[in-house]
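Geometric and topological summary
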Amino acid sequence: MRIDSMFLKPPETADAVTVEVEGRPVVVPRGASAAAAALIAGLASTRASPVTGEPRAPYCMMGACFECLLVIDDEPSQQGCLVTVRPGMRIRRQEGAREL
Amino acid sequence: MREADAIVVGGGLHGCSAALQLALRGRRVVVLERRHVGRHASGINAGGVRTLGRDLAEVPLSVLGMAHWHGIRELVGDDCGFTACRQVKVAETPAELSALERRAQAVRRLGYDHERVVDAHELRRLVPAVAGHCVGALVADGDGAADPYRTTHAFAARARAAGAQVVEGAAVTGLDWRHGAWVVATTAGTWRAGAVVNAAGAWAGRLAALAGDDFPLTTRASMMIVTERMPPFVVPVVSAAGRALSFKQSASGTVIIGGGQQGRADLDREQAWVNVSNLARSAQAAAALFPAMREARVVRAWCGIEAQTPDRLPVIGHSTRAPGLVHVFGFSGHGFQLGPVCGLAVADLVLAGGTALPVAPFSPARFAAAAAA
Amino acid sequence: MKRDFDFVVVGGGPAGLAAAVQARSLGLSVALVDEQPAPGGQIYRAVERAEAEGRAAALGADYRDGLALVRAFRDCGAVHFASRQVWQVEPEGRVFATDGRESIVLRGSRILVAVGALERPVPIRGWTLPGVMTVGAAQVLHKSIGLLPSPGVWIAGSGPLVLHFAAEVVAAGGRLAGILDTARGGLPEAAIANAAGMLRGWRYLARGLGYLAALRQADVRRVTGVEAVEAVGEGRIARVRWRVNGAWNEAPAEGLLLHEGVIPSTHMTFALGCAHDWDDAQRCFRPRTDDFGATDVEAILVAGDCGGIGGARVAECQGRLAAIGAATALGRLPVPERERLARPAREALARHRAIRGFLDALYAPPPELLAPPDDVIVCRCESITAGRIREAVALGCRGPNQVKSFTRCGMGPCQGRLCGPTVTGTIAAELGVPPAQAGAFRVRPPLKPVRLGELAALAEPGEGA
């Protein structure tokens, strides 16, 4: 699932936050969005299309495309680019249609 | 000026169904639609195909109509997305369940047995996801749901194939009885025919007024909600005895929530506006019956606009004053299921002046009498 | 907490911030609702934070200029509702905004829609592959948390942001695989040379030349005259392909950043029922407004890029004008006073707009983007291709709303934001009619998906169970 990120390792800051992406700890800058954390973690894709099952990943990072839907702290269908990380936040891929 | 045997005003389900039946009987028929087929309530309603819980006056027609849905492919060459997935009206309290039992008895007294009362155990077998407090339900096993847009288009397509002309972008601007025939002026030309069918939905009152008929109509703007796609979890269409709710999951997994909460209609602008305060009540009703739905995301809400009569029964029949004018409108939010059978009734009325189908309770005369009194 | 205001501003970019500051100075009570945690919009995103961390200067003087506006806003006395998404605005002035768990309802005598722009969707083969993002997306990551793309990432497209962002990456010590320049209006160099008459827009032009020089110096590969781009890969982009003079080339790619300019974010104004016009120069719809940003819906005003692309400076002027106009409409500013106050903003507006027509012509999107080949996905949410749209047109659909009903195109969670322009363009091309005649999607609430339970919580107490 993991590949090398298409982004360089983020600059180190004193107030960096550790979150959990697909169960693995990832250090991200304070103020990062959950979608940014997934990108930093190098997830090859962040969700599967509920229509075709194809892998998808964040596209616009501005709240328009809804490609970055993630399961955040067990709550599905969250727009990852609009959720700011908190220490210990659990971020998971969203597989197809959300669960009930 | 173009000639026809009958002009149908309104390219909704009722207009297209009437046109189909007239065309099948060899008549030259033209449908005049202001925008496009299925633009308003016909194309965007919740798609419930329901005999369950109808006004007793509607039961005979509705039950006859159900046979057409079960043979819908033979009728229009497409299954219209129809599935006989059942309709279930849930009781949340013993008092509600008693009321449903009395209702089922009333239906049986009319000689019909399509509604049955089930207990909590059977309810949970039919609808495993329903909230734990629900005590039973009224069930119609032959009921179901269809895709309203696809249905309306299937009727339009079959009507065309049978020889009807369906003209989109033709807004009626004038309706005159001249030398023994109706002359209908539109933004796309003028037509002349001996008979006119008023199937103009929310705007039917305005069309009737052009012919001198006055109906005490209001406009419904029933709101609907659709959620994101969910895994399959409910099969029947679910309603509630004590709440305004209809709830169903579509084949794509989205959940469609309706039930008649009202938005605001603007007939002049041909638009309708969602009212969030009322919409919240639909959401509340859905969440009460399906608590897990609280976390589901609402993707879209919209309104379908339609004419409503004071007694909430449709207007089907000849104008009491204008010759050759047949009204079919005012379904007050529950006309979709009646679409196929009403086409037959309207064709009878146009061609024979009367029909054997049970539409007597819907005579336009009931309002003429009220106005005269 | 106070929920009723004279003026409710939706959007915390330059237009919204300037409007809030101006409205406060005229004595109006003001609320500003914004998706982001801090004021600034996309252009001045996280500018306070970047300044505090000493990164703002490297992001450019124009970026840092936003600080003054953000600080003025912080001091102006407007109530700031941050990290809240507006999911419904009613023509009568109610604004519903969620923080993801709970919604608040604000009421404004006047509402300013200042929701900015979005990047024009770039429907090419492979654009749904992971690893394909927009240039704007990468810039958000850079501005907000200092993230830089890997050296194996390509940029493809045209528009001011392409060179700006590439130069930004280089200035921050990053590298890029290269730039595939799809500009058709002539190469930027040529256009700049031909633009001697555009003296009033000299700042923009000088900046463009500066970027090019910086990129040359950093040895960033730049391919011009690119006619088409495709992303290729299994489950993730692996290679990028491009066509020049009819011949295809390809190279490995760790990522691909796309950009073909920006278009107004019209979702909110369409949902409100405001009248819109097709802007042929910018190839997009925009709301119809008067000089003060007033729309044909009485309570609703528009400022900034969501009313037509003009950039940050133009947005700021429009924000001020909208606040001035609203104050007059609310009977709080006599007309002669309004005219006196409006004059400087109007003059600045004219100055900043001077370059626009030139940029629009230079960076006009290629026609294939508005009407892509049959196999290209147009609607990302529902995976609907251009071919499916053409089939629907062949079946008699005459506009986007019929296509939507036939195909589900535009019915997903993005509500047609990413497919709307392409659906309009494809239908128009197919029917041979102007885009204005093909029309746009009707936009339905909620503007952002909202939890059913959250919606239910808005029912009046005592209703239902």
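Position labels on residues start from 1 in each chain and follow its written sequence. The lettering of chains begins at A and the numbering of ligands begins at 1, in the order of writing. Only residues with pLDDT of 70 or above have their local features reported here, since the model is predicted, and side-chain atom pairs are shown and tallied only from 80 upward, although totals for entire chains, interfaces and linings are computed over all residues. The side-chain values count all of the structure's non-hydrogen atoms but skip hydrogen atoms and water molecules.

Brief notes about the interface of chain B and chain A
Applied cut-off: By definition, residues are in contact when any of their heavy atoms lie within 4.5 Å. Reported buried area values correspond to the accessible surface (1.4 Å probe) lost by two parts on association, with both partners' losses combined. By definition here, a salt bridge exists when the distance from a side-chain nitrogen of Lys or Arg to a carboxyl oxygen of Asp or Glu is within 4 Å. Any pair of nitrogen or oxygen atoms within 3.5 Å is treated as a polar contact; in protein, a donor-acceptor pairing is required on top of that, and neighbouring residues in sequence qualify only through side-chain atoms on both sides. Gly is placed with the polar residues, together with every amino acid not listed as nonpolar (Ala, Val, Leu, Ile, Met, Phe, Trp, Tyr, Cys and Pro) or charged (Asp, Glu, Lys and Arg).
The interface is formed by 10 residues belonging to chain B together with 10 residues belonging to chain A. Between chain B and chain A the total buried area reaches about 880 Å² when both faces are included, carbon and sulfur atoms providing 59% of it. If you sort the residues of chain B by the area they bury against chain A, Arg229, Pro231 and Arg297 of chain B come out on top, with a joint share of 54%. The interface formed by chain B and chain A holds 1 salt bridge in total. The partner of Arg297 of chain B in a salt bridge is Glu75 of chain A, with the nearest N and O atoms 3.1 Å apart. Here chain B and chain A share 4 residue pairs in polar contact (both at pLDDT 80 or more) between them. Across the side of chain B that touches chain A, the residue classes break down as 6 nonpolar, no polar and 4 charged.

Remarks on helix H14 (residues 400-407) of chain C
The condition that has to hold: Classification of residues uses two cut-offs on accessible area relative to the type maximum, computed with a 1.4 Å probe and protein chains only: under 20% is buried, over 50% is exposed, and between them is partly exposed. A run of DSSP states H or I qualifies as a helix once it reaches four residues; a run of E qualifies as a strand once it reaches two. Both are numbered from the N-terminal end.
Of all 8 residues in H14 of chain C, 6 are buried, a share of seventy percent or more. Among all positions in H14 of chain C, only Pro400, Asn401, Gln402, Val403, Lys404 and Thr407 of chain C are buried. Next to the buried residues of H14 of chain C lie helix H7 (148-161) and strand E20 (297-308) of chain B together with strand E21 (384-385), helix H13 (386-394), helix H15 (420-431) and helix H16 (435-438) of chain C. Positive backbone phi, approximately 75°, marks Arg408 of chain C, located one or two places after H14 of chain C.

Quick look at the pattern of salt bridges
Under the definition given, this model contains 65 salt bridges over all chains. Among the ionic pairs, Lys9 of chain A bridges to Glu12 of chain A, the shortest N-O distance being 3.6 Å. Each member of the pair, Lys9 of chain A as well as Glu12 of chain A, is classed as exposed. When the shortest N-O distance is used, the salt bridge between Asp360 of chain C and Arg356 of chain C registers 3.5 Å. In this pair, Asp360 of chain C and Arg356 of chain C both sit in helix H11 (residues 356-362), 4 residues apart, roughly one turn of the helix. According to the relative accessible area criterion, Asp360 of chain C is buried, its value standing at 13%.

Regarding the packing of aromatic side chains
Counted only if it meets this: Each pair of aromatic rings taken from Phe, Tyr and Trp, with Trp reduced to its six-membered ring, is defined by centres within 6.5 Å and is described as stacked if the planes are under 30 degrees apart, edge-to-face if over 60, and tilted in the remaining cases. We call a charge positioned above a ring when the Lys NZ or Arg CZ atom is no farther than 6 Å from the ring centre and deviates by at most 35 degrees from the ring normal.
Taken as a whole and judged by the stated rule, the model has 15 aromatic pairs over all chains. Seen from their ring centres, Phe5 of chain C and Phe81 of chain C are 6.5 Å apart, and the 85° between their planes marks the pair as edge-to-face. Of this pair, Phe5 of chain C sits in strand E1 (residues 4-10) while Phe81 of chain C is found in strand E3 (residues 79-81), placing the two residues 76 residues apart along the sequence. The two residues Phe5 of chain C and Phe81 of chain C agree in class, both being buried. The rings of Trp69, Phe82 and Phe336 of chain B are connected pair by pair, giving a single aromatic cluster. The ring centre of Trp191 of chain B lies 4.1 Å from the NZ or CZ of Arg2 of chain B, which sits over that ring. A cation over a ring is seen here: Arg380 of chain C above Tyr59 of chain A, with NZ or CZ 4.2 Å from the ring centre.

A few points about the environment of Arg64 of chain C
Residues and elements named next belong to chain C. With respect to the helices and strands, Arg64 occurs in helix H3 (residues 61-75). Once the C-alpha coordinates of Arg64 and Ile237 are considered, the two residues, 173 residues apart in sequence, prove to be 34 Å apart. Not counting the four nearest positions on each side in its chain, Arg64 is found in contact with Val47, Glu51, Ala56 and Ala57. Here the side chain of Arg64 touches Glu51 through a polar contact of 3.0 Å, side chain to side chain.

Focus on the pairing of strand E6 (residues 75-79) of chain A
Residue and element names in this part refer to chain A. So the rule is basically this: We treat two strands as partners when DSSP finds at least two bridges between them.
The buried fraction of E6 is high, at 5 of 5 residues. By the bridge criterion, 3 bridges tie strand E5 (residues 69-72) to E6 in an arrangement that is antiparallel. If you follow Leu70 over to E6, its bridge partner there is Gln78. Linkage of E5 to E6, two consecutive antiparallel strands, is achieved through a turn of 2 residues, within which Asp73 is found at a positive phi near 45°.

Remarks on the interface of chain A and chain C
By a frequent convention, interface size equals the accessible area lost on bringing the separate parts together. Contacts between the two partners involve 39 residues from chain A and, on the opposite side, 51 residues from chain C. Around 3,600 Å² of area is buried between chain A and chain C when both sides are counted, 62% of it from carbon and sulfur atoms. Broken down residue by residue, the surface that chain A buries against chain C is led by Met6, Tyr59 and Met62 of chain A, which jointly contribute 25%. Taken together, the connections running from chain A to chain C amount to 3 salt bridges. A salt bridge links Arg451 of chain C to Glu75 of chain A, with the nearest nitrogen and oxygen atoms 3.9 Å apart. Scanning the region where chain A abuts chain C turns up 12 residue pairs in polar contact (both at pLDDT 80 or more). Looking at the side of chain A that touches chain C, the elements with two or more residues in it are helix H1 (34-41), strand E4 (55-56) and E6 of chain A. The dominant element in the side of chain A that touches chain C, judged by the number of residues it contributes, is H1 of chain A, at 3 residues. Taken together, the residues of the side of chain A that touches chain C break down into 26 nonpolar, 8 polar and 5 charged.

With respect to unusual backbone geometry
Residue Pro446 of chain C follows Pro445 of chain C across a cis peptide bond; omega there is -5°. On the secondary structure map, Pro446 of chain C appears in the loop between H16 and strand E22 (450-451). Residues other than glycine seldom take positive phi values, yet Cys80 of chain B does so here, at roughly 60°. Mapped onto the secondary structure, Cys80 of chain B falls in the loop between helix H4 (72-76) and strand E5 (87-91).

Observations regarding empty space enclosed by the protein
All names here are of chain C. Convention followed: Only protein atoms enter the calculation, which uses a 1 Å grid: trapped sets of points that fit a 1.4 Å probe without letting it out are cavities, open sets showing protein on both sides within 12 Å along at least five of seven lines are pockets, and any residue with an atom within 4 Å of a point is a lining residue. Grid points are joined across faces, edges and corners, and a volume is the space filled by probe spheres set on the points. Domain limits in this description derive from either an automatic procedure or a database domain assignment.
One pass over the structure, following the stated rule, counts 4 cavities of 30 Å³ or more. For the largest cavity, the calculated volume is near 300 Å³. Elements represented by at least two residues in the lining of the largest cavity include exactly strand E16 (262-264), helix H8 (267-271), strand E18 (284-287) and H15. Of the residues forming the lining of the largest cavity, the biggest block, 3 residues, is contributed by H15. Counted by class, the lining of the largest cavity contains 11 nonpolar, 6 polar and 3 charged residues. Composition of the lining of the largest cavity by domain shows at least three residues from each of domain 1 (4-119 + 263-358) and domain 3 (371-438).

Notes on the domain arrangement of chain C
All names here are of chain C. Here chain C is described as being made up of domain 1 (4-119 + 263-358), domain 2 (132-260) and domain 3 (371-438). For domain 1 and domain 3, the distance between their C-alpha centres works out to 30 Å. Taken together, the contacts link 5 residues of domain 1 with 8 residues of domain 3. Buried area between domain 1 and domain 3, both sides added, is near 540 Å², and the carbon and sulfur share of it is 76%. Between domain 1 and domain 3 we count 0 salt bridges in total. Here domain 1 and domain 3 share 1 residue pair in polar contact (both at pLDDT 80 or more) between them. Considered class by class, the residues forming the side of domain 1 that touches domain 3 number 4 nonpolar, 1 polar and no charged.

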